[in-house]
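Observations on the model geometry
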Amino acid sequence: MHYLDNAATTRPSEAAVAALMRSATVCYGNPSSLHALGFEAERELREARRSVAKALGTQPERIVFTGSGTEASNLALFGLADRRRGSKLITTDAEHPAVLETLRAVAQRGGFTLHLLSTAGGAPSLDEAAALIDNDTALVAMMLVNNETGAIFPVREVGALVQKTRARFHVDAVQAFGKLPFAPEGLLCHSLAVSAHKIGGVKGVGALWLAKGLSPSPVIYGGGQEHGLRSGTEPMPAIAAFGAAAGEYAARYAAAGIPALREAAVKGLLELGCVINQPPVVCPSILNFSVPGLRAEPMLHLLSERGVYLSSGSACSSHKKGASHVLTAMGLPEPLLRGALRVSFGPDNTMQDVQALLEGIAACQTTLAREDV
């Protein structure tokens, strides 16, 4: 098997699985219970919070565990959008649905106007952002690394623009966590979302970083867990796995030599006549390319039969019909949109996976019916 869909989800690491099993079968108390097993679960909760905070370069008290990266962004966007600060919400036209669809709902419910910065060419323009972000802006949201193209967006520069206003700034760092060096404070943001299963943890847990003194309105009410911002008994097995994964992922990622894997893949794909959908600045973990004359779906099926697993875009949008909104915003022509695929590397990948990918694409070119372009 050659798994090249790490942007959708990673394989849980051995350390994460061990932590999950211990929490589920040995340390299974409720962290709020006032007995020895509860105290031990509470200790594991603190340890996991410290581990995630350390990986983010921040303090444990700034971390709120959530059910996913999507929930983390929902909590921030619904909780921080304040009509008293302004009437405008600003994001890009290439955001993940966790941000884009949430802001559309926030705008509709709160009487805001949503503005989308263009990402034609692959990344938002700072000039356009500077012209749009003003004292009538309530909230700005932007991803650090695009989940389909790997584009690195100018988050810190946008944060500096936001600091001149009364607006709040949220960063979706789900695809950047463990892959790029950053700390939330250094990005000049007020909130930041990450997810466990993108870094070798398990599905069902994410985290929201909040700047000091910031307390958004809760989305989930109840017993007051997670600083009163996310009620409900904490999913300790998943959280323990998150802590274990966060403590090791950056080192595993760095040791895998992923820039070299991407370079080899780009070289081989160009030799096969593919087109690299290259933004100005990219995170090496994600590579988007098109195979002229072929459609993505038949290629995915043939590649899967060969044990090569990748995707045609965001896993969260895979059941929606139509071209990728990210690649459309980037300005790709229709023939390249139809044949666009995404490779995403992780710590377990090797040059053998790259070779299997190139052989699979060559097989697609000789086996599948070509269309006029």
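Right above here is the structure, for reference.
All residue numbers refer to position in the chain's written sequence, counted from 1. Residue-level local features of this predicted model are given only where pLDDT is at least 70; pairs of side-chain atoms are given and counted only at 80 or more, and the full residue set underlies all totals for whole chains, interfaces and linings. Side-chain measures here rest on the full set of heavy atoms in the structure, leaving out hydrogens and waters.

This next bit is on the overall build of the protein. The secondary structure content of the protein amounts to 13 helices and twelve strands. As a reference, a globule follows 2.2 Å times the number of residues to the power 0.38, and the radius of gyration itself is taken over C-alpha atoms. The C-alpha atoms of the protein give a radius of gyration of 21 Å, which matches the 21 Å a tight globule of 373 residues would have. C-alpha atoms of the protein, sized along the principal axes, occupy 65 × 50 × 30 Å. Per-residue accessibility, obtained with a 1.4 Å probe over protein chains only, is compared with the maximum for each type, and a residue is labelled buried under 20%, exposed over 50%, and partly exposed between these values. For the protein, buried positions account for 57% of its 373 residues. When the accessible area of the protein is evaluated, it comes to approximately 15,300 Å², of which 54% is carbon and sulfur surface. Under the scheme used here, helices are H or I runs from DSSP no shorter than 4 residues and strands are E runs no shorter than 2 residues, and both carry numbers assigned from the N terminus. The method behind every accessible area is Shrake-Rupley, applied with a 1.4 Å probe, and residues are considered shielded solely by the protein chains displayed.

Here the focus is the pattern of salt bridges. When a carboxyl oxygen of Asp or Glu is within 4 Å of a side-chain nitrogen of Lys or Arg, the pair counts as a salt bridge. If you walk through the whole model with that rule in mind, you get 15 salt bridges. Note that Lys-267 and Glu-271 form a salt bridge whose closest N and O atoms lie 2.8 Å from each other. Pair noted here: Lys-267 and Glu-271 are both in helix 9 (residues 258–271), with a separation of four residues, about one helical turn. Residues joined in a network through salt bridges with shared partners are Arg-22, Glu-40, Arg-43 and Glu-44.

Overall, mixed pairing links the seven strands, which are arranged 2-8-7-6-5-3-4 in an open sheet. Taken across any chain shown, the strands that pair with only one partner, and hence form the sheet edges, are strand 2 (63–66) and strand 4 (113–117). Direction aside, neighbouring strands of the sheet carry axes that sit 20° apart on average. Should DSSP find at least two bridges between two strands, the strands are taken to pair. Note that strand 2 and strand 8 (residues 206–210) share four bridges and pair antiparallel. Residue pairing for strand 8: Thr-66 is matched across the bridge by Gly-206. Residues count as neighbours in contact if any of their non-hydrogen atoms are within 4.5 Å of one another. The angle between two axes is taken between their N-to-C directions and runs from 0 to 180 degrees, where each axis is a line fitted to C-alpha atoms and a helix contributes only its stretch in contact. Against the sheet, helix 4 (residues 97–110) engages strand 3 (88–92), strand 4, strand 5 (137–143) and strand 6 (168–172), with an angle of about 165° to strand 3. Its contacts with the sheet put helix 6 (residues 155–162) on strand 5 and strand 6, and the angle it makes with strand 6 is roughly 165°.

Right, let's talk about helix 7 (residues 236–246) for a bit. Summarising burial for helix 7: nine of the eleven residues are buried, a large majority. Within the sequence span of helix 7, burial applies to Met-236, Ala-238, Ile-239, Ala-240, Ala-241, Phe-242, Gly-243, Ala-245 and Ala-246. Each element contacted by the buried residues of helix 7 is listed here: helix 1 (14–25), helix 2 (36–56), strand 2, strand 7 (191–195), strand 8 and helix 8 (249–255).

Another aspect to go through is the environment of Ile-361. Of note, Ile-361 is situated in helix 13 (residues 351–367). The exposure class assigned to Ile-361 is buried, which follows from its relative accessible area of 0%. On a C-alpha basis, the gap between Ile-361 and Tyr-249 in space is 30 Å, while along the polypeptide they are 112 residues apart. Apart from residues no more than four positions distant in its own chain, Ile-361 is found in contact with Leu-269, Leu-272, Cys-274, Phe-289, Val-291, Leu-303 and Leu-341.

As a further point, take the environment of Ser-23. Among the secondary structure elements, Ser-23 is positioned in helix 1. Separated by 217 residues in sequence, Ser-23 and Ala-240 have C-alpha atoms that sit 6.8 Å apart. With sequence-adjacent residues up to four places away left out, Ser-23 is seen in contact with Tyr-28, Glu-44, Met-236, Pro-237 and Ala-240. Among the polar contacts made by the side chain of Ser-23, one reaches the main-chain carbonyl oxygen of Met-236 at a distance of 3.4 Å. Under the rule applied, a polar contact is a pair of N or O atoms within 3.5 Å (in protein, one hydrogen donor and one hydrogen acceptor; residues adjacent in sequence only if both atoms are side-chain atoms).

Here, the term nonpolar core denotes a set of buried Ala, Val, Leu, Ile, Met, Phe, Trp, Tyr and Cys residues that are joined through side-chain atoms within 4.5 Å. Counting residues in each nonpolar core, the largest one holds 84 residues, and the members touching the most others are Phe-65, Leu-192, Phe-242 and Phe-289. The dominant element in this core, judged by the number of residues it contributes, is helix 7, at seven residues. Setting aside residues up to four positions removed in sequence, Leu-192 forms contacts with Leu-56, His-170, Val-171, Ala-173, Phe-182, Pro-184, Leu-187, Ala-207, Leu-208 and Trp-209. By size, the runner-up hydrophobic cluster in this structure holds 21 residues, among which are Ala-76, Val-99, Ala-138 and Ala-141.

The contact between helix 2 and helix 7 brings their axes to 8 Å, and the two run at 35°. Helix-helix and strand crossings are classified by hand; for helix 2 and helix 7 the assignment is left-handed. Here helix 2 contributes Ala-41, Glu-44, Leu-45, Ala-48, Ser-51, Val-52 and Ala-55 to the contact with helix 7, which in turn contributes Met-236, Ile-239, Ala-240, Phe-242, Gly-243 and Ala-246. Its residues assigned to classes, the contact of helix 2 with helix 7 comprises ten nonpolar, two polar and one charged. Note on convention: the crossing is left-handed when the near helix lies turned anticlockwise from the far helix by less than a right angle, right-handed when the turn is clockwise. All residues other than Ala, Val, Leu, Ile, Met, Phe, Trp, Tyr, Cys, Pro, Asp, Glu, Lys and Arg, Gly among them, are scored as polar; the first ten of these are nonpolar and the last four charged.

Let us look at the pairing of strand 10 (residues 286–290). Among the five residues in strand 10, five count as buried, and that is most of the element. Burial along strand 10 is two-sided: Ile-286, Asn-288 and Ser-290 and Leu-287 and Phe-289, pointing in opposite directions, are all buried. Inspection of the sheet shows strand 9 (residues 275–276) paired to strand 10 by two bridges, in the antiparallel sense. Across the sheet, residue Val-275 finds its bridge partner in strand 10, namely Ser-290.

These results come straight from atomic positions and should not be treated as a statement about function.
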